[in-house]
Amino acid sequence: MSSLHLIFSRQGLTSCKRLKAKHDKMILLGDAVYCASAISLAGEISQFHILKDDFDARGLKTEEEFYFISYDQMVELCAQCTPIVSWNA
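Right, let's walk through the structure included here.

Rules of the game
- Residues numbered from 1 in each chain as written.
- Predicted model: local features only at pLDDT ≥ 70, side-chain atom pairs only at ≥ 80, totals over all residues.
- Heavy atoms only, no water.
- Helix = DSSP H or I, 4+ residues; strand = E, 2+ residues; numbered from the N terminus.
- Buried < 20%, exposed > 50% of the residue type's maximum accessible area, 1.4 Å probe, protein only.
- Contact = heavy atoms within 4.5 Å.
- Pairing = 2+ DSSP bridges.
- Core = buried A, V, L, I, M, F, W, Y, C linked by side-chain atoms within 4.5 Å.
- Arc of directions from axis to C-beta.

Quick look at the environment of Gly 12
By secondary structure assignment, the location of Gly 12 is in helix α1 (residues 10-19). The buried category is assigned to Gly 12, whose relative accessible area is 0%. Counting along the chain gives 68 residues from Gly 12 to Gln 80, while the straight-line C-alpha distance between them is 22 Å. Excluding residues within four positions of it along the chain, Gly 12 makes contact with Ile 7, Trp 87, Asn 88 and Ala 89.

This is the structure we're talking about:
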């Protein structure tokens, strides 16, 4: 079973990327959604899920193809993965 990484900040993203396994799943939420355009430029966006409500709440717009998920989809991922790791710093 793969791990699920909940990433809440830019620092959390940096820490997570150093320690995650190749097959792990990641969700950008909270202020981490600001990192979405930076990671897409690096060709890594296919590894990330982005919480759509948090992206929209911050007034962000994009023409890029991100993999947005709802809260319900996030709960499904949480039920499928173990362990779940939170990254804030």
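After that view of the structure, there is still more to cover.
Quick word on the sheet that holds strand β3 (residues 48-51)
As summarised here, the arrangement of the five strands in space is β4-β3-β2-β1-β5, forming an open sheet in which the pairing is parallel. Edge positions in the open sheet fall to β4 (68-69) and β5 (84-87), since each of these has one partner strand only. Here strand β1 (residues 4-7) pairs with strand β2 (residues 25-28) via four bridges, running parallel. Paired with Ile 7 across the bridge in β2 is Leu 28.

Some details on the nonpolar core
One finds Ile 7, Leu 13, Leu 28, Phe 48, Ile 50 and Phe 55 to be the most contacted residues of the largest nonpolar core, which totals 15 residues. Discounting chain neighbours no more than four positions away, the residues touching Leu 13 are Ile 7, Leu 28, Cys 35, Ile 39 and Phe 48. Grouped together as the second largest cluster of nonpolar side chains are nine residues, Leu 6, Leu 51, Ile 69 and Cys 81 included.

Notes on α1
Those residues of α1 that fall on the buried side of the exposure criterion are Gly 12, Leu 13, Ser 15 and Cys 16. Within α1, the buried residues cover an arc of 170° as seen down the axis, which keeps them to one side.

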